[in-house]
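Listed below, chain by chain, are the residues.
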Amino acid sequence: MTSSTPRRPGPVALAALAVWIGLLVFISLWVADQSLRWLPVQASNAAPLVDGLFSFETGVGTFVFLGVISVMGWVMLVHRAEKYDESDADPIEGNTRLEVIWTAIPFVLVMAIAWYAIQVSTELGVLGPMEHIHLRDAGEQQGGYPGDRLPAEQVEVVARQWSWEFRYPAQNVSSTELHLELDRPITFRLVSEDVLHGFFIPAFRLKQDVIPGRAIDFSLTPTRLGRYRLRDSQFSGTWFAANQADVVVETAADHAAWLKQAAAAPLQSGLSVASDEYAEHQRNPRGGWPTVVPAPPPQVNVPGSSSLPHDA
Amino acid sequence: MTSTALSPEPPATWRRYFGFSTDAKVIGIQYIVVAFFFFLVGGLLAMIIRGELITPASDLVDRTVYNGLYTMHGTIMLFLFIFPVLNGLNNLLIPTMIGAPDMAFPRLNTAAFWLVPVFGILLIASFFVPSGPATSGWWSYPPVSLQNPLGQLINGEFLWVLAVALSGVSSIMGAVNFVTTILRMRAPGMGFFRMPVFCWTALAAQSLQLIGLPALTGGAVMLLLDLSVGTSFYRPEGGGDPVLYQHFFWFYSHPAVYVIILPVFGIFSELFPVYSRKPLFGYVYVCLASFIIVGLGLIVWVHHMFPSGVTQWMRNLFMVTTMLIAVPTGVKVFAWLGTLWRGKIRLTTPMLFCLGGLFNFVFAGITGVMLATVPIDIHVSNTYFVVGHFHYVIYGAAVMGIFAAIYHWFPKFTGRMPYEGLGKLHFLLTFVGANLNFLPMHPLGLMGMPRRVSSYDPEFAFWNVLASLGAFLLGVSIIPFLLNMISSWARGPRAPHNPWSAIGLEWLLPSPPAEDNFGEHVPTVISRPYGYGSGEPLVEHQAEIERALTLQEANR
Amino acid sequence: MTSTPVPPSGESVAHGEGQHASHNLTGFIIFLCSESVIFLAFFSGYAILRLSALDWLPAGVDGLEWRMPLINTVVLVSSSLTMVVAEHFKGKEKIWLFRGFWLLTMAMGAYFLYGQAVEWSGLTFGFTSGTFGGTFYLLTGFHGLHVLTGILLMGLMLAKSFVPGNYNGGEEGVKATSLFWHFVDVIWIILFVLLYVWRA
């Protein structure tokens, strides 16, 4: 056994190792910094928190990944068996101290990440409480504007196969384009009339499933002017991919003006790519299997547009 | 070599692969061949999916067809490829590694295997019913899965649930068999801590099947009743709860990932020592880590439902349990690195697949920790980030590990050597293809592209084109594999009993082994596995056994 | 393939045809553990649906009648005891007493099924009457299927007891059936508590 005890690494080897680790740390920090650019623009107060956590984990992850890959690369370069060398290597069966160390390090690391994530979660929770209200009967979510039950600043979001409708009960306005006021907290009341949908605005970093039979209260604060995409994130059937809407974040003045203008506009069919495509298919059948018929486009004051350029 | 290779073999050796055999080694190969047939079907569907996604518009196939294709791709790959192929390896390896003549219940084994083509045909048949196949994803979440536009009793979703239920029956039959075999039929002297790690991981994975699968079966029964009888377990309009199904589904389907990856950990643990010529580093820790993963794996399922509306404390709890899984998994990764360290590395095809698989697995582990983090998960769940993550796990790590296993044990069970050149080409194409296919999915997910979409906004086009090219490369990568398997089995060089100088009971059998393996002469195990470099024999009378095998090979 | 000429190793090999019977019992116990998870899934589904329901009972239904099910429960639970007695007599090789008590157990199981059928036919709600009706019929029906399976298994064991020398090679069949029957009983007790005893 004495002959197979590991050679003590010399000072040169230790220095090289230190330089290498330093290089990995540097690369990891750089990747962590870069990782912020992989995400869409930050358009809500949740976004910087989520992005900070993501950047942190990317940095840690890069270091771990490169560390493991370095070892793999090293052994492939240095510890390759010589040609025709059929002999075995030294029978090192394990090392309890090492085992303890490399059990403890990941444990501490993931618990640190979890602690950081819980802090962020708590802060996000303060920013956007999420509350479930069981609807007594499904009919309650339909018909009319339940303005008497909702606080004025709430927007009711109705998800359907396949359209999004946004109702502003205080102004008696409805739209298929979501307009929000900059830096003003807003609470949504998410309901679905048919199946599961997902309320997902990537620029806001927030996502919440919309569950039929429940009304879910969901809050956020937009922090950046612009036009963003809202995407359905929980598979909802044939036109799932086309079930998107635009989200416009505007100044308080613009928002007030928009609401005023919208209230005066007559009701018309809102945006529904699914309805349009379905009608087209009825005219020119192009194969495919039977599908659920899209719900008729909601009658809204403002249909909006889905073809304008968006920021994220 | 050529003269022996051309010598006619008894016809029974190939005919038995087409009948109701009860020999685990025959059933194992039947499993693997059937699984690869469905792998090609599922892969073809993936090619069409990536063909559709190479452009932003929905222009290659109708949206209903796209939804059917991705649903069937996932279902086929999981229930008809990866579970059967792993059961095939279990059948080949468990009895030979522990020195048993066969499985504990050979006829149950036959029945479990023959259910696979039955439910496979049932699932494929759903392409030909008027309603088309199931289109609600392999999760089959209600209420969308309960929508039945034609109103017919026999519809795609109905056939899907039936196929999944039969797959569950088959898997339970298999699991009872594997667990009983490992618990009761080990060679004399083979205590649990002399058992190869592959058997440990198989035992762990099959225990998970036994605990998890019934929950899915129960959930699927209720789904079937909702769909066909009109009950309202999951129908909100009848007071049901659609989220309840998600709990049933993920209570099994998250552990299912460990059912897949644990045996692959076993394969890594078997192969790294062989091709590093060193004992597995920290054998006992690696064995125990599997069961820690089983325990933790059963209490993490809610992390699939963070955006479904679970309370904050549940989110935090399940985040912590999920992250804890990184610890036993890390122990395994470090143990493999410790095994490689100062070894005598031989970069054979199986070793390359293992190293590539480990590379991909570490990457997938890091994105896995990110996904466990609630705030990040809220942003990326149900996006392509998740698709990228699990394809790194399933294809990048598990399928590559399975290829490694096939190349490594091919000589043992066919008696022929696979070709190294084709094998290395296969590795190169797979490794490059998988990374090119699945890496671009991560930026797509971070940018906010939802999964399961048949069309997308133009800003996602660049990464999607790359991913599609990677997918097509993966499609090509299977050609050298098939060529290698067919040609080397037909006329490859004869394999000696231990071509890789590996240590293990299976390498003390002739290649291919006799039907009852060791028969009456099961050797007594006297040391731990992976005794590379120690010079200690694994079993009593090892030298005599090896001499007899070598003599027999010289005379054939 | 010819068998490898290997020197015989020390002790005789610990497996082969003779050992398979005990594998059967191991396998069966593993299967039962797995089977219990299905019931666990149904139980938890029932509890979650019930706890989150706004109107648990469908209109016109005010709870389940519990007296007759209680009699049924007593019969089923006692049948576990008669089965233990039957096994005891088998151990003492009093084969006719074994058959008698075994048959009594079967009869009690059959009575339970009969009682269940009578209860079902008197109910005013159906399988599709909301989650209440759905879970009620699902739980009792799935359990009933197990009772039926148990009775059929007992019938098989009873028939096998007439095969001469049946118990020479082991008695795993009887053991497994009895385990299964106790399992079915325990499940019923939980079911009874959940369905009949648990009042809102």
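Conventions adopted
- In every chain, residue numbers begin from 1 and rise along the written sequence.
- All chains are assigned letters beginning at A, and all ligands numbers beginning at 1, according to the order in which they are written.
- Totals for whole chains, interfaces and linings use every residue, but because this is a predicted model, local features are given only for residues with pLDDT of at least 70 and side-chain atom pairs only at 80 or more, for both listing and counting.
- Under the DSSP-based scheme used, a helix requires at least four consecutive residues in state H or I and a strand at least two consecutive residues in state E, with every element numbered from the N terminus.
- Using C-alpha atoms as the atom set, the radius of gyration is obtained and then compared with a globule rule of 2.2 Å times the number of residues to the power 0.38.
- Partly exposed residues are those whose C-beta has more than 12 but fewer than 20 other C-beta atoms within 10 Å; with 20 or more the residue is buried, with 12 or fewer it is exposed, and the C-beta atoms are placed from the backbone.
- A pair of residues counts as a contact when their C-beta atoms, built from backbone coordinates, are separated by no more than 7 Å.
- What a helix should span is 1.5 Å times the count of its residues minus one.
- The angle separating two fitted axes, one through the seven residues that finish at a residue and one through the seven that start at it, defines the bend at that residue.
- Lys, Arg, Asp and Glu make up the charged group, whereas Ala, Val, Leu, Ile, Met, Phe, Trp, Tyr, Cys and Pro make up the nonpolar group; the residues left over, Gly among them, are polar.
- Following DSSP output, two strands are said to pair if at least two bridges run between them.
- To get an axis, fit a line to the C-alpha atoms, keeping to the stretch in contact for a helix; angles then go from 0 to 180 degrees between the N-to-C directions.
- Relative orientations are named as follows: roughly parallel for angles under 35 degrees, roughly antiparallel for angles over 145 degrees, roughly perpendicular for angles from 65 to 115 degrees, and oblique for any other angle.
- A residue's pLDDT is simply how confident the predictor is in it, with values from 0 to 100.
- Rotating anticlockwise by less than a right angle from the far helix to the near helix defines a left-handed crossing, while the corresponding clockwise rotation defines a right-handed one.
- As used throughout, a nonpolar core is a set of buried Ala, Val, Leu, Ile, Met, Phe, Trp, Tyr and Cys residues joined through C-beta atoms within 7 Å of each other.

Peer 1: Let's hear about the overall build of chain B: which residues, and what values?
Peer 2: Looking only at helices and strands, chain B has 18 helices and zero strands in total. Taken over the C-alpha trace, chain B has a radius of gyration of 23 Å; the compact-globule value for 556 residues is 24 Å, and the two agree within 12%. In terms of its C-alpha atoms, chain B occupies a principal-axis envelope of roughly 75 × 45 × 45 Å. When each of the 556 residues of chain B is scored for burial, the buried share is 67%. Across chain B, contacts joining residues at least 24 apart in sequence account for 83% of those joining residues at least 6 apart.

Peer 1: Summarise the overall build of chain A; cite the residues concerned and give the values.
Peer 2: Helix and strand counts for chain A come out as five helices and 13 strands. The burial tally for chain A puts 41% of its 312 residues in the buried class. Residue pairs in contact within chain A that sit at least 24 positions apart in sequence constitute 77% of those at least 6 positions apart.

Peer 1: Which residues make up the environment of A:Leu259, and what values go with them?
Peer 2: By the element assignment, A:Leu259 lies in helix α4 (residues 252-264). A tally of 20 C-beta atoms within 10 Å means that A:Leu259 is categorised as buried.

Peer 1: Tell me about helix α7 (residues 197-228) of chain B, residues and numbers included.
Peer 2: Residue and element names in this part refer to chain B. Helix length check: α7, at 32 residues, gives a terminal C-alpha distance of 45 Å against a target of 46 Å (1.5 Å per residue), a fit within 8%. The largest bend in α7 amounts to roughly 30° and is located at Gly212, with the proline Pro214 lying one to four residues further along. Of all the 32 residues making up α7, 29 are buried; the element is thus mostly covered by neighbouring parts of the structure. Just downstream of α7, Gly230 is the residue with a positive phi angle, here 100°.

Peer 1: I'd love a proper account of the interface of chain A and chain B, names of residues and values included.
Peer 2: Taken together, the contact between chain A and chain B spans 82 residues of the former and 85 residues of the latter. When contributions to the side of chain A that touches chain B are tallied by element, the ones reaching two or more residues are α2 (47-78), α3 (96-127), β7 (197-201), β8 (206-210) and β10 (226-232) of chain A. Counting residues per element, the side of chain A that touches chain B draws most heavily on α3(A), which supplies 15 residues. For the side of chain A that touches chain B, the residue count by class is 48 nonpolar, 18 polar and 16 charged.

Peer 1: Describe in detail unusual backbone geometry, supporting the description with residues and values.
Peer 2: For the bond from A:Gln161 to A:Trp162, the omega torsion is 0°, close enough to zero to count as cis. Its place among the elements puts A:Trp162 in the loop between β2 (154-160) and β3 (163-168). With an omega dihedral of -10°, the bond running from B:Ser511 to B:Pro512 counts as a cis peptide bond. Positive phi values are uncommon outside glycine, yet A:Arg205 reaches one of about 65°.

Peer 1: So what about the pairing of β7(A)? Which residues, and what values?
Peer 2: Residue and element names in this part refer to chain A. Most of β7 is tucked away, with five of its five residues classed as buried. Burial along β7 is two-sided: the residues His197, Phe199 and Ile201 and Gly198 and Phe200 are all buried. The sheet contact formed by β7 and β8 spans five bridges and is antiparallel. Note on β8: the bridge partner recorded for Ile201 is Leu206. What sits between β7 and β8 in their antiparallel hairpin is a turn of four residues, with Arg205 showing a positive phi close to 65°. Across two bridges, β7 lies against β10 in antiparallel orientation. Across the sheet, residue Phe199 finds its bridge partner in β10, namely Asp232.

Peer 1: Lay out the packing of α7(B) against helix α9 (residues 283-297) of chain B with the relevant residues and their values.
Peer 2: All names here are of chain B. Look at α7 against α9: their axes get within 9 Å of each other, and the N-to-C directions meet at 10°. The orientation of α7 relative to α9 falls into the category roughly parallel. Within the contact between the two elements, α7 uses Val197, Trp200, Thr201, Ala204, Ser207 and Leu208 and α9 uses Val286, Cys287, Ser290, Phe291, Ile293, Val294 and Gly297. A per-class count over the contact of α7 with α9 returns nine nonpolar, four polar and no charged.

Peer 1: Lay out the confidence of the model for chain A with the relevant residues and their values.
Peer 2: Chain-level pLDDT for chain A is 88 on average; 89% of the residues reach the 70-or-more range. Scored below 50 in pLDDT, residues 136-152 of chain A shows 20 contacts in the model against residues more than four places distant or in partner chains.

Peer 1: An account of the sheet that holds β10(A) is requested, with residue identities and associated values reported.
Peer 2: Strand pairing in a sheet is mediated by backbone hydrogen bonds. Such pairs are either parallel or antiparallel. Residue and element names in this part refer to chain A. Taken in spatial order, the five strands of this open sheet run β5-β11-β10-β7-β8, and their pairing is mixed. Edge strands, defined here as strands with exactly one partner in the open sheet, are β5 (178-181) and β8. Mean inter-strand twist for the sheet, computed between neighbouring axes without regard to direction, equals 25°. Strands in contact with α4 are β5 and β11 (244-250); relative to β5, the strand with the most contacts, it is inclined by about 140°.

Peer 1: I'd like to hear about the packing of helix α4 (residues 63-98) of chain B against α7(B), residue by residue, with values.
Peer 2: Residues and elements named next belong to chain B. Interaxial distance between α4 and α7 falls to 10 Å at its minimum, and their mutual angle equals 125°. In terms of orientation, α4 and α7 fall into the oblique class. You can see that α4 and α7 cross each other, and the crossing is left-handed. Residue-level inspection shows Asn90, Leu93, Ile94, Met97 and Ile98 of α4 in contact with α7, the latter providing Phe198, Cys199 and Ala202. Across the contact of α4 with α7, the residue classes break down as seven nonpolar, one polar and no charged.

Peer 1: Tell me about the nonpolar core, residues and numbers included.
Peer 2: Residues and elements named next belong to chain B. With 303 residues, the main nonpolar core has Ala35, Ile98, Cys199 and Ala398 as its most contacted residues. With 22 residues, the single largest contributor to this core is helix α8 (residues 242-276). Discounting chain neighbours no more than four positions away, the residues touching Cys199 are Ile94, Met97, Ile98 and Ile182.

Peer 1: Lay out the environment of A:Val173 in plain terms, naming residues and giving numbers.
Peer 2: As for its position among the elements, A:Val173 is in strand β4 (residues 173-175). In this structure, A:Val173 is in contact with A:Tyr168, A:Leu259, A:Ala262, A:Ala263 and A:Asn301, ignoring residues within four places of it in sequence.

Peer 1: How would you explain the pairing of strand β9 (residues 214-220) of chain A if you had to name every residue and give the values?
Peer 2: All names here are of chain A. By the criterion of burial, β9 is predominantly enclosed, with five of the seven residues buried. Where strand β6 (residues 186-192) lies against β9, five bridges are found, and the strand directions are antiparallel. Each bridged residue has a counterpart across the sheet, and for Phe188 the counterpart in β9 is Phe218.

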